[in-house]
Amino acid sequence: MKKTISILMGSLVLMASCKETAKKNQDEEAIPAQKISKNEAHDRNTLCKINGEPWSYTEASGIIVTDKKKSARILKLTFTKQVNPGKESVALSFDEATKELLEASVQMKQPGKDGKRIHAIYLYNERTTNSNPKSKGTGQVTIGNGVASGTAQLQNLRIQYESSLLDDQEDAEITVTDLSFSNIAFSDVKKEMEAIYKNSK
């Protein structure tokens with residue numbers, strides 16, 4: 001009986017020692033890993049400057065769709081940034097054939113007069129350039145092996161709604177510079193449907 005108790009006590013001591021050693025090793029490894037991950041993510045995910053301030057994203061997605069009105073295939077890329085509260089985004093549309101920028105939208109949380117942040121939407125497209133001739137947009141993309149890389153510039157985009165609610169009227173217009181992205185994965189709806197149809201035969 002004494003021998004059994006001694007074995008049990010020895011096992012408990014050994015288990016406690018192993019658990020404490022594992023926890024110590026885990027804590028020591030976790031601290032530098034968190035710091036490296038945070039810094040690398042910030043540098044890697046900087047997309048552009050908006051009115052001179054760096055803007056980074058936390059998620060990127062892409063898809064190629066067919067625009068029947070334009071009889072063209074369009075690559076749509078969306079870069080999203082989680083903020084508190086809500087989120088911000090930069091979306092770009094490119095013509096797959098010409099590789100030129102067609103449209104863009106920027107959605108941001110801007111300071112409002114009441115101390116809260118308002119959801120500000122800035123657009124670049126054919127309609128907005130007619131109403132705001134100062135607005136300009138340029139950009140090019142390269143596409144290959146399911147990923148896209150490119151650059152773009154957007155100038156003098158006007159807020160679409162609630163301009164009177166802005167705390168600073170300078171926020172009613174934005175300019176996006178140094179926009180650059182690389183190896184953003186996208187899906188191709190047409191090719192995926194064709195593959196499904198082919199495999200179903």
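Residues take numbers from 1 onward in each chain, read along the sequence in its written order. Reporting in this predicted model follows two pLDDT cut-offs: at least 70 for local features of residues, and 80 or more for side-chain atom pairs to be given and counted; totals over whole chains, interfaces and linings ignore these cut-offs and use all residues. Hydrogens and waters are ignored; side-chain quantities use all the structure's heavy atoms.

### With respect to a nonpolar patch on the surface
And step 1. Residues Val189, Met193 and Ile196 make up a contiguous nonpolar surface patch of roughly 290 Å² in combined accessible area.
And step 2. Any residue under 20% of the maximum accessible area for its type is buried, any over 50% is exposed, and the rest in between are partly exposed; the area is computed with a 1.4 Å probe on protein chains only. The exposure class assigned to Met193 is exposed, which follows from its relative accessible area of 53%. Nonpolar side chains (Val, Leu, Ile, Met, Phe, Trp, Tyr) are joined into patches within 5 Å and like charges within 9 Å, using only residues with over 30% relative accessible area and no salt bridge. The method behind every accessible area is Shrake-Rupley, applied with a 1.4 Å probe, and residues are considered shielded solely by the protein chains displayed. A pair is scored as a salt bridge if a Lys or Arg side-chain nitrogen falls within 4 Å of a carboxyl oxygen belonging to Asp or Glu.

### Thoughts on the pattern of salt bridges
And step 1. Tallied over the full model, the rule gives five salt bridges.
And step 2. Notably, a salt bridge pairs Glu96 with Arg73, separated by 2.7 Å at the nearest N-O pair. With Glu96 in the loop between strand E5 (87–95) and strand E6 (101–111) and Arg73 in strand E4 (residues 72–82), this pair connects stretches of sequence that are 23 residues apart.
And step 3. Judged by its relative accessible area of 21%, Glu96 is partly exposed.
And step 4. With a relative accessible area of 18%, Arg73 lands in the buried category.
And step 5. Across the pair Asp188 and Arg73 runs a salt bridge whose closest N-O atoms are separated by 2.6 Å. One end of the pair, Asp188, is in strand E11 (residues 187–188); the other, Arg73, is in strand E4, with 115 residues separating them in the sequence. Taken individually, Asp188 and Arg73 each receive the classification buried, so the pair is uniform in this respect.
And step 6. Here the salt bridges share partners, and the residues they tie into one network are Arg73, Glu96 and Asp188. Strands are runs of DSSP state E lasting at least two residues, helices are runs of H or I lasting at least four, and both sets are numbered from the N terminus onward.

### A word on the nonpolar core
And step 1. The set of buried Ala, Val, Leu, Ile, Met, Phe, Trp, Tyr and Cys residues whose side-chain atoms join them within 4.5 Å is what this entry labels a nonpolar core. Ranked by size, the top nonpolar core spans 34 residues in total, and within it Leu47, Phe79, Leu92, Val106, Leu179 and Phe181 carry the most contacts.
And step 2. Mapped by element, the contributors of at least two residues to this core are strand E1 (46–50), E4, E5, E6, strand E7 (117–124), strand E9 (147–158) and strand E10 (173–185).
And step 3. No other element matches E10, which puts five residues into this core.
And step 4. We call two residues in contact whenever any of their non-hydrogen atoms come within 4.5 Å of each other. Not counting residues up to four positions away in its chain, the partners in contact with Phe181 are Leu47, Leu77, Phe79, Leu92, Phe94, Val141, Ala148, Ser149, Gly150 and Thr151.

### Considering the sheet that holds E5
Backbone-to-backbone hydrogen bonds join strands into a sheet, with any given pair of strands oriented parallel or antiparallel.
And step 1. The six strands are arranged E7-E6-E5-E4-E3-E11 in an open sheet whose pairing can be described as mixed. The open sheet has two free edges, formed respectively by E7 and E11, since each of these has just one partner strand.
And step 2. Each pair of strands is called paired provided DSSP finds at least two bridges between the two strands. Two elements, E6 and E7, share eight bridges in a ladder whose sense is antiparallel. Its bridge partner being in E7, Val106 is matched across the sheet by Tyr122.

### Re the sheet that holds strand E8 (residues 136–144)
And step 1. Taken in spatial order, the five strands line up as E2-E1-E10-E9-E8 in an open sheet, and their pairing is antiparallel. What marks the edges here is a single partner per strand, and that holds for strand E2 (53–56) and E8. The mean inter-strand angle of the sheet, taken between neighbouring strand axes irrespective of direction, is 15°.
And step 2. Where E8 meets E9, nine bridges bridge the pair, whose relative direction is antiparallel. The axes are straight lines fitted to the C-alpha atoms, using for helices just the contacting stretch, and the angles between their N-to-C directions are given from 0 to 180°.

Everything listed here is a matter of coordinates, which is why it stays silent on function.
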